[in-house]
Amino acid sequence: GSSDVLFRSRKRDLYGRFPGCATAARFADLDHVIPFPVGLTVLTNLACLCRRHHRLKTHGHWSLSMSPGGVCTWVDRRTGQVHTTEPTDYVDPAF
């Protein structure tokens, strides 16, 4: 269920997935990488983002994509600069 997806996302991320974010995942928003309802509410389409970084993405300042393995790629839409963040070493038992 949804609580399982929340738990697994927080275990994978531990912290907000924006580069350099130190907000613990348990205090972060769970954001759809591909916006709902087009994007599904599944582990491979969810990232923990603190409220500030969630808003930067939502308002179009940064774009986010995620690989099937959980690597997040961020692109600054003003400069084109690219950053990536890796998931923790947590292995999802579903894989």
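The present account deals with the structure reproduced in this document. The structure displayed is predicted, hence computed values, not measured ones. (Residues numbered from 1 in each chain as written. Predicted model: local features only at pLDDT ≥ 70, side-chain atom pairs only at ≥ 80, totals over all residues. Heavy atoms only, no water.)

A few points about the sheet that holds strand S5 (residues 82–85)
Ordered in space as S3-S4-S5, the 3 strands form an open sheet in which the pairing is antiparallel. The open sheet is flanked by strand S3 (62–66) and S5, the only strands paired with a single partner. Between one strand and the next, the sheet's axes are offset by a mean angle of 20 degrees, whatever the strand orientation. Pairing geometry for strand S4 (residues 72–76) and S5, over 4 bridges, is antiparallel. In the strand pairing of S5, Val75 is matched with Val82. (Pairing = 2+ DSSP bridges. Helix = DSSP H or I, 4+ residues; strand = E, 2+ residues; numbered from the N terminus. Axes fitted to C-alpha atoms, helices over the stretch in contact; angles between N-to-C directions.)

A few points about the side chain of Asn45
When you line up the elements, Asn45 lands in the loop between strand S1 (29–32) and strand S2 (46–49). Take Asn45: its relative accessible area is 7%, and that puts it in the buried class. A polar atom in the side chain of Asn45 sits 2.9 Å from the backbone oxygen of Leu40. Apart from the residues lying within four places of it in its own chain, the contact partners of Asn45 are Asp31, His32, Val33, Ile34, Gly39 and Leu40. (Buried < 20%, exposed > 50% of the residue type's maximum accessible area, 1.4 Å probe, protein only. Polar contact = N/O pair within 3.5 Å; in protein donor to acceptor, adjacent residues only side chain to side chain. Contact = heavy atoms within 4.5 Å.)

Thoughts on the packing of aromatic side chains
The description of an aromatic ring pair rests on the distance of the ring centres and on the angle between the ring planes. Here the structure, examined in full by the defined rule, presents 2 aromatic pairs. Measuring from ring centre to ring centre gives 4.9 Å for Phe18 and Trp62, while their planes differ by 85 degrees; the resulting arrangement is edge-to-face. In this pair, Phe18 sits in the loop between helix H1 (2–13) and S1 while Trp62 sits in strand S3, placing the two residues 44 residues apart along the sequence. Per residue, the accessibility class of Phe18 equals that of Trp62, and both read buried. (Phe/Tyr/Trp six-rings, centres within 6.5 Å; stacked < 30°, edge-to-face > 60°.)

Describing the environment of Asp31
On the secondary structure map, Asp31 appears in strand S1. Taking relative accessible area as the criterion, Asp31 reaches 8% and is therefore assigned buried. Distance from Asp31 to Asn45, taken between C-alpha atoms, is 8.2 Å for residues 14 residues apart in sequence. Leaving out residues up to four positions away in the same chain, Asp31 has contacts with Asn45, Leu46, Ala47, Leu49, His54 and Lys57. A polar contact of 2.9 Å, which involves the side chain of Asp31, links it to the side chain of His54.

Remarks on the side chain of Arg12
Structurally, Arg12 can be placed in helix H1. Separated by 2.5 Å, the side chain of Arg12 and the backbone oxygen of Leu46 make a polar contact.

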